[in-house]
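Take a look at the letters that make up each chain.
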Amino acid sequence: MKTRMRVLAGAVLLGAMVSAYAAPVWQEGSTYTAGTVVSYNGQDYSALVTHTAYIGTGWNPAASPTLWKAAGTSISPTPLPTPLPTPTRTGTPTPTPEPTKYLCPIVTAPPGWIFTGYDSNGCAMFEIKPPTPTPTTAPTQAPASPSWEKGIAYTGGQRVSYNGQLYEAKWWTQGDVPGSSEWGPWKLLGAAITPTPTTVPPTPGPSITPTPVADLACKRSTPSWSATVSFSSGSKVLYGSGQYTALTNSLNKDPALNKSDWKYDGYCLTYINDVTPVVSPTPTASPTPTTVITPTPVITPTANPSSVPSYTPGTIPSKAQADALEVELTKDAPAYVKLVKETQRVIDDSIVDQVAPLAATNPDNVKRVERIVPAARFDYLFAIRNAKYSYSNFLKAVAKFPAFCQTYSDGRNSDAICSKLLATMFAHMVQETGANTTWLDGIGAIDTPKWRQGLYWVEEVAYQNNPNLSGYTDSCGDPYWGKIWTCPKRADGQYNSYHGRGAHQLTHHYNYAPFSKVLYGDPNVLLQDPKRVADTWLNLASSVFFMLETQPPKPAMIHVIDGSWVPNAVDQANGLTASFGTTINIINGGFECSKGAETSQAQNRIYAYQNFAQELGVPVAANEQLGCASQKQFSEGGAASFPLYWDKDWGWQRDYMCKPVNYQTGFRTISKGDYAKCVEFIWNVQVK
């Protein structure tokens, strides 16, 4: 789960590796993705964000600290005139697992940047626009644009005028007042102007003041707009934070972008339950033809949610109010969000600790795994594994997550799904932790095919038996992730080391923290003691967890396998299918996919999967997309792009409030109490 080569023991091999993988020279005019390493004036630099080094801007690595960070002295590659000889069987093993990126460390745009989509890792991407030469004849004022309206949703690049100034949207926004914050979604372009008319102006008449659109108490029964649903003229839909009425028969026409087809009704300030109870009339004891029965009036519920006790928007909520708002804002969440929450359910460690091979008290999902992969088969599949990856630890890792190899009650074949889950997870384990060699003697690798060499590495080679090293701590100083989750320091003053550990090679504190939070409800458990991911059954639980982890717009791998994730039109346009190739894209798509040809890392995964599938009796269809060379990255609008996180509510009079968003932050809508934590972090207040 990182962008790195594994460090080999031995100075000779290390020197050869550095020479062979010297960074390319930075070039003006090129586009660089986040994490790319280049050399410039004898120094190596790593790109912080995806950007284009436009010609004439001077955005070289040394002069652009917001785009690049120094990565050490650059080493020129040593030319090799002849091929290297075949290595002997007495050398140090050269593991080839490639890293897996996990969370996206950037969630908001720096000042002056614009949102341009998603990069190769499926993370939000921002870019500085190149400077525009000053025209010599045209006026320097910005062109005229429509006035900003609170309830209209704007996409990146759209322009509006507000208080005599012209603004351009950096990314999708609705309800955010232009100019209210330099960190907000609007970029100031200059003074707004009114174009000079080319015809004779009409006789002035009385001025007309537009009527502002009122805030609404929207009905919960109103459907949300969908590109795949046809709406007839007059239909009302919810979209963004507002309500719209169809002016025509509409299909796949975005309400915010097609004003001729949709009318904006107003901003949904709150929502009401419009399932109105009707009290039946009371019958008379002796009805006569002339008796008129008056029904009891219909009872209309109040528009103010009763579940939020006396809360006034724009004020600091109490703990009770914050918890009530959390429930109120998530009770109508898409079904997929609820599925994600259920998928990541865990059981208490006191139950996990009782799990043992063939124990009668083992949970049902563990018993299923034992039938498919008994201890003898596990030994065969991982023939040269490290002793820390024991069969008992494997069963405990499965037990912690009841959704892994669960029993499906809707007719799906539970054993078949479990077998495919295991084959998929094992294949990725081989790429992450396999010895991946055919020449090492003394460990059995000479007679063991590569697909059975998984679980050989527990920790990165450079950090094994070297407790004084501290690695992957750059994120500890990140202005966002470093504040959400604080890295503890050791007695020597260095941060705890968050180098690669376990079957999924977990790295960086912003990956340890959410893993810890799912396991224990507390991100600090593993931040304080990251060694658990190497020395306990958590070394295998990290892989099980990642099979169940959802990172919008990426689905969880289990949902790709069990059919819960169904690719929509956006996914299909990106070439994404319910296949093994898509799981590669989920794990490491930015490095291994969209290349036009399968990378060596992807080929290793495919080779391992085909063998594990055959061993576990998993049918592989002739048309299954095993690779991801032709796939694009997951993008907004896909089937798994839904609001799973909390972030600042930028709406009008929404101070001290957060809202659900579909990009990654440190606060999840499925984690109880995270709404209050979001308010405290974003607004720097205490919720009591």
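Residues numbered from 1 in each chain as written. Predicted model: local features only at pLDDT ≥ 70, side-chain atom pairs only at ≥ 80, totals over all residues. Heavy atoms only, no water.

1. Considerations on the overall build of the protein
Item 1. Along its length, the protein carries 18 helices and 20 strands.
Item 2. Looking at the protein residue by residue over its 688 residues, the buried ones come to 48%.
Item 3. Taking contacts inside the protein between residues at least 6 apart in sequence as the whole, the part at least 24 apart equals 61%.
Item 4. For the protein, the computed accessible surface area is about 32,400 Å², with 56% contributed by carbon and sulfur atoms. (Helix = DSSP H or I, 4+ residues; strand = E, 2+ residues; numbered from the N terminus. Buried < 20%, exposed > 50% of the residue type's maximum accessible area, 1.4 Å probe, protein only. Contact = heavy atoms within 4.5 Å. Areas by Shrake-Rupley, 256 points an atom, 1.4 Å probe, with all protein chains shown as cover.)

2. Observations concerning the state of the cysteines
Item 1. This structure, assessed with the given rule, holds four disulfides.
Item 2. Between Cys 593 and Cys 628 runs a disulfide, and the two sulfur atoms are separated by 2.1 Å. For the disulfide bridge between Cys 593 and Cys 628, the dihedral angle about the S-S bond is near -80 degrees, and by the sign convention the bridge is left-handed. Note that Cys 593 is positioned in the loop between α16 (580-592) and α17 (600-616) and Cys 628 in the loop between α17 and β19 (645-648), a separation of 35 residues in sequence.
Item 3. The class for Cys 593 is buried, based on a relative accessible area of 1%. (Disulfide = S-S within 2.5 Å.)

3. Here we look at the sheet that holds strand β10 (residues 165-169)
Two modes of strand pairing occur in sheets, parallel and antiparallel, and in both the strands are linked by backbone hydrogen bonds.
Item 1. Ordered in space as β9-β10-β12, the three strands form an open sheet in which the pairing is antiparallel. The sheet is open, and its two borders are formed by β9 (159-162) and β12 (186-191), each paired with just one other strand. Between one strand axis and the next, the sheet turns through 35 degrees on average, direction left out of account.
Item 2. Bridging between β9 and β10 involves four bridges; their strand directions are antiparallel. Residue pairing for β10: Val 160 is matched across the bridge by Tyr 167. (Pairing = 2+ DSSP bridges. Axes fitted to C-alpha atoms, helices over the stretch in contact; angles between N-to-C directions.)

4. Observations concerning the confidence of the model for the protein
Item 1. For the protein, per-residue confidence averages 77 on the pLDDT scale, and residues scoring 70 or more make up 71% of the total.
Item 2. A low-confidence stretch, residues 118-124 (pLDDT under 50), is modelled with 30 contacts involving residues beyond four sequence positions or located in other chains.
Item 3. The low-confidence segment residues 194-214, where pLDDT is below 50, has seven contacts with residues more than four positions distant or belonging to other chains. (pLDDT = per-residue confidence, 0-100.)

5. With respect to helix α5 (residues 364-372)
Item 1. When α5 is considered as a whole, its buried residues turn out to be Asn 365, Val 366, Arg 368, Val 369, Glu 370 and Ile 372.
Item 2. Buried-residue contacts for α5 involve α6 (375-381), α7 (391-400), α8 (414-433) and α17.

6. Observations regarding unusual backbone geometry
Item 1. Cis peptide bonds are those with omega within 30 degrees of zero, and the linkage from Pro 552 to Pro 553 qualifies with 10 degrees.
Item 2. The backbone of Leu 358 sits at a positive phi, close to 65 degrees, despite the residue not being glycine.
Item 3. When you line up the elements, Leu 358 lands in the loop between α4 (349-352) and α5.
Item 4. Residue classification places Leu 358 among the exposed positions, given a relative accessible area of 75%.
Item 5. Of note in the backbone geometry, Cys 405 takes a positive phi value of approximately 60 degrees without being a glycine.
Item 6. Mapped onto the elements, Cys 405 comes out in the loop between α7 and α8.

7. Considering helix α13 (residues 538-548)
Item 1. The element α13 is largely enclosed, with a buried count of eleven among its eleven residues.
Item 2. Among all positions of α13, only Leu 538, Asn 539, Leu 540, Ala 541, Ser 542, Ser 543, Val 544, Phe 545, Phe 546, Met 547 and Leu 548 are buried.

8. Examining the packing of aromatic side chains
Item 1. Applying the stated rule across the entire model yields 25 aromatic pairs.
Item 2. Look at Tyr 336 and Phe 642: their rings are 4.8 Å apart centre to centre, the planes differ by 35 degrees, and that puts the pair in the tilted class. Taken as a pair, Tyr 336 in helix α3 (residues 335-343) and Phe 642 in the loop between α17 and β19 lie far apart in primary sequence, 306 residues in all.
Item 3. Judged by its relative accessible area of 12%, Tyr 336 falls in the buried class.
Item 4. With a centroid separation of 4.9 Å and 90 degrees between ring planes, the pair formed by Tyr 480 and Trp 481 is classed as edge-to-face.
Item 5. Its relative accessible area of 14% is what places Tyr 480 among the buried residues.
Item 6. Judged by relative accessible area, Trp 481 falls into the buried class, the value being 0%. (Phe/Tyr/Trp six-rings, centres within 6.5 Å; stacked < 30°, edge-to-face > 60°.)

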